[in-house]
Amino acid sequence: MAASERTALGPLVGAIDQGTSSTRFLVFNAKTAELLSHHQVEIKQEFPREGWVEQDPKEILNSVYECVEKTCEKMKQLNINIANIRAIGVTNQRETTVVWDKTTGEPLYNAIVWLDLRTQSTVERLLKRIPGKNKTFSKFKTGLPLSTYFSAVKLRWLLDNVEEIRKAVEDRRAMFGTIDSWLIWVCICGKNGGIHCTDVTNASRTMLFNIHSLEWDPELCKFFDIPMEILPNVRSSSEVYGLMKICPSRKSGALTGVPISGCLGDQSAALVGQMCFRDGQAKNTYGTGCFLLCNTGQKSVFSEHGLITTIAYKMGRDKPAFYALEGSVAIAGAVVRWLRDNLGIAKTSQEVEKLAADVGTSYGCYFVPAFSGLYAPYWEPSARGIICGLTQFTNKSHIAFAALEAVCFQTREILDAMNKDCGIPLSQLQVDGGMTNNKILMQLQSDILCIPVVKPSMPETTALGAAMAAGAAEGVGVWSLNPGDLTAVTCERFEPQINPEESEYRYARWKKAVMKSMGWETSDGPNGKPK
């Protein structure tokens, strides 16, 4: 691209993509959807006790500042005018819970990450108050089962266990939010007039939000004993929330005054980025976890097979909400990170792929990575990870292959549930996320599903979805979401290469392993500790 072409690119849109394992800032051309520049910073996860997963909200915030600054520097080197960035979208790991002090601007505790299991005893205590201990008691209001996964029980745990948070609530200083709320509040002035808001997609993951009325539900807030005044205002996914204010301790003030005008939970953002705007269109994202979403249009569909109902997006203040059925798997990319960081069988994720490629089989070894229990379709918090079918012949390459295969088997389970609920089986699977760069995984996925797997050549669909929402917002208007204006995406396609009988045999063995993973943990040991 010539220098003159670079400076004449037209309107650009930035996206803050704050995930479980990393933060990124990416800049797209609003006319062509081309990714022009980006920067990524890995985020530390802390495991203070078994089953606990935390992150430092200030580290997350600083990673955002660093990514914005470095991306702007890269753009200047490419001779791209950053003054053309007309809007910024935010997409984030969902459910992860932050409480902060609105007077000091400081977090009052580490963020409790969506994968965290400390709230199992909280869930069991709450279940005792529900007739028949029915986990799906709020399904028709929230679309969700009572689980450690969602924000309400994390917030309940914080109120029960952190004196500083209790005191801040009493003094009316406390603010609650998911990661999007924390970032938007700080990036728009923070303690000097920050905007305390979230969007409908993130609100729908709290268990406190009525997905039909699109409001916080007083009865649910009363059930969880959550004071409603600490909750953020709920907005659409595409509107101007406020103007960016760069941290004064940083050199760059380049994006000061740019509107933050898009906000979507990461899986909703990926659905938008994959252009799944029609009823029945679906995508599967392979990140830390694995998430299959199917757009059900303006109608909320409730699953009979262990899936959850969630809000897909609401593209403007006066626009209708669209819904999705979702199958959520807790551990996908996280299993590769575990092999690397905990077992040390590989130094990089790429090395795990190479180990798996070297053998091309698990040699009868099956891995159920239920590190945080099992999510869809089981919702079984007592499950724990197991590796079975080991022999003296098994080596680290077979275990690497079994780990990749586990991601594919979990996807097969939620796709089967989706097909039963929707009645029309998917003829192909659209995929995205960091793990889709692993060609062994993509071919395995096609083999295990017995349908083609289709991967866009530009894999950053989550950030793209946030950028699209921001650019399309009223008052910004640089990105058209009209079907005729959307850019056609080039894709790589993986076709099944094994016969269906072999696929079914391996899947049946996997299901047998899943059954063996259940019932390992309870929280009724001494002092409520797992036993």
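Throughout this description, residue numbers start from 1 for each chain and increase along the sequence as written. In keeping with the predicted nature of the model, local features appear solely for residues at pLDDT of at least 70, side-chain atom pairs appear and are counted solely at 80 or more, and the whole-chain, interface and lining totals rest on all residues. The basis for every side-chain value is the complete set of heavy atoms in the structure, and neither hydrogens nor water enter the calculation.

Selection rule: UniProt positions are given in the numbering used here, feature names are shortened, and annotations may be inferred rather than shown by experiment.
Looking at an unreviewed UniProt entry, the protein carries the name glycerol kinase, with the source organism given as Eulacestoma nigropectus. In its Pathway (unreviewed entry) section, the UniProt record describing the protein reads: "Polyol metabolism; glycerol degradation via glycerol kinase pathway; sn-glycerol 3-phosphate from glycerol: step 1/1." What the UniProt record of the protein gives under Sequence similarities (unreviewed entry) is the line "Belongs to the FGGY kinase family."

## Brief notes about the UniProt feature "domain: Carbohydrate kinase FGGY C-terminal" (unreviewed entry) in the protein
For clarity, the cut-off: The helix count covers DSSP runs of H or I at least four residues long, the strand count covers runs of E at least two residues long, and both are numbered beginning at the N terminus.
Within this structure's numbering, the places UniProt gives as "domain: Carbohydrate kinase FGGY C-terminal" (unreviewed entry) are residues 283–473. Measuring from the first to the last C-alpha atom of residues 283–473 gives 24 Å, for a span that is 37% helix and 21% strand.

## Let's talk about the packing of helix H5 (residues 151–161) against helix H6 (residues 163–170)
Stated formally: Axis geometry follows a simple rule: fit a line to the C-alpha atoms, using only the stretch in contact for helices, then measure angles between N-to-C directions, giving values from 0 to 180 degrees. For classification, angles of less than 35 degrees are called roughly parallel, those exceeding 145 degrees roughly antiparallel, those between 65 and 115 degrees roughly perpendicular, and all remaining angles oblique. The contact definition used throughout considers only heavy atoms, calling two residues in contact when any of these lie within 4.5 Å. Charged means Asp, Glu, Lys or Arg here, nonpolar means Ala, Val, Leu, Ile, Met, Phe, Trp, Tyr, Cys or Pro, and polar covers whatever is left, Gly included.
Where H5 meets H6, the closest approach of the two axes is 5 Å, and the angle between their N-to-C directions is 95 degrees. As judged from the angle between their axes, H5 and H6 are roughly perpendicular. Residues Leu158, Leu159, Asp160 and Asn161 of H5 pack against Glu163, Ile165, Arg166 and Val169 of H6. Looking at side-chain class alone, the contact of H5 with H6 contains four nonpolar, one polar and three charged residues.

## Observations concerning the pattern of salt bridges
Formally: Here, a salt bridge means any Lys or Arg side-chain nitrogen found within 4 Å of an Asp or Glu carboxyl oxygen.
The full count for this structure, using the stated rule, is 34 salt bridges. When the shortest N-O distance is used, the salt bridge between Arg340 and Asp341 registers 2.6 Å. One network of salt bridges, with partners in common, ties together Arg94, Glu95, Arg205, Asp266 and Glu326.

## Quick notes on the sheet that holds strand S16 (residues 290–297)
The pairing of strands in a sheet happens through backbone hydrogen bonds and is either parallel or antiparallel. The line we're drawing: Think of it this way: DSSP has to see at least two bridges between two strands before they count as a pair.
On the basis of which strands lie adjacent, the open sheet formed by seven strands has the order S17-S18-S16-S15-S21-S22-S23 and mixed pairing. This sheet does not close on itself; its edge strands, each paired only once, are strand S17 (308–313) and strand S23 (491–494). When strand polarity is set aside, the average angle formed by the axes of neighbouring strands in this sheet is 30 degrees. Relative to S23, strand S22 (residues 453–456) runs antiparallel, the two being bridged by four bridges. If you follow Val453 over to S23, its bridge partner there is Phe494. Across the face of the sheet, helix H13 (residues 396–422) comes into contact with strand S15 (282–286), S16, strand S18 (322–329) and strand S21 (429–432) while running at roughly 145 degrees to S18.

## Side note on the packing of aromatic side chains
For clarity, the cut-off: Two rings belonging to Phe, Tyr or Trp (six-membered ring only in the last case) form a pair when the distance between their centres is within 6.5 Å. Interplanar angles under 30 degrees mark stacking, angles over 60 mark edge-to-face geometry, and anything in between is tilted. Working definition: with a 1.4 Å probe on protein chains only, accessible area under 20% of the residue-type maximum means buried, over 50% means exposed, and in between means partly exposed. Only Lys NZ and Arg CZ are tested; either one counts as a charge over a ring when it is within 6 Å of the ring centre and within 35 degrees of the ring normal.
Summed over all chains, the structure comprises 25 aromatic pairs. Aromatic side chains Tyr366 and Phe409 sit 6.2 Å apart centroid to centroid with 35 degrees between the ring planes, which places their arrangement in the tilted category. With Tyr366 in strand S19 (residues 366–368) and Phe409 in helix H13, the pair connects residues that are 43 residues apart, well separated along the chain. Neither Tyr366 nor Phe409 differs from the other in exposure class; each is buried. The rings of Trp114, Tyr149, Phe150, Phe291, Tyr375 and Trp379 are connected pair by pair, giving a single aromatic cluster. Positioned above the aromatic ring of Trp157 is the side chain of Arg118, whose terminal nitrogen or guanidinium carbon lies 4.7 Å from the ring centre. Arg129 extends its terminal NZ or CZ atom over the ring of Phe223, reaching a point 4.5 Å from the ring centre.

## A few points about the packing of H13 against helix H14 (residues 439–449)
Note the following rule: Working rule for handedness: look at the near helix, and if it is turned counterclockwise from the far one by less than a right angle, call the crossing left-handed; if clockwise, right-handed.
The geometry of H13 relative to H14 is characterised by a closest axis approach of 9 Å and an angle of 45 degrees between their N-to-C directions. Relative to H14, the element H13 is oriented oblique. Once H13 is placed against H14, the crossing between them reads as right-handed. Contact with H13, carried on its side by Phe401, Leu404, Glu405, Val407, Cys408, Phe409, Thr411, Arg412 and Leu415, involves Ile440, Leu441, Leu444, Gln445, Ile448 and Leu449 of H14 and no other residues of that element. Grouping the amino acids of the contact of H13 with H14 by side-chain chemistry returns 11 nonpolar, two polar and two charged.

## Examining the pairing of S16
Within S16, eight of the eight residues are buried, which leaves it mostly tucked inside the rest of the structure. Of the two faces of S16, the one carrying Cys290, Leu292, Cys294 and Thr296 and the one carrying Phe291, Leu293, Asn295 and Gly297 are both buried. Pairing analysis gives five bridges linking S15 to S16, with the strands arranged antiparallel. Residue Ala282 lies in a different strand from S16, and its bridge partner there is Cys294. In the sheet, S16 pairs with S18 via seven bridges, with the strands oriented antiparallel. Residue pairing for S18: Leu293 is matched across the bridge by Glu326.

## Considering the nonpolar core
Defined as follows: What makes a nonpolar core is a set of buried Ala, Val, Leu, Ile, Met, Phe, Trp, Tyr and Cys residues whose side-chain atoms join them at distances within 4.5 Å.
Counting 140 residues, the largest nonpolar core has Leu146, Phe224, Tyr286 and Trp479 as the members making the most contacts within it. A total of 14 residues in this core trace back to one element, the largest contributor, which is H13. By size, the runner-up hydrophobic cluster in this structure holds 40 residues, among which are Val41, Ile60, Leu61 and Cys187.

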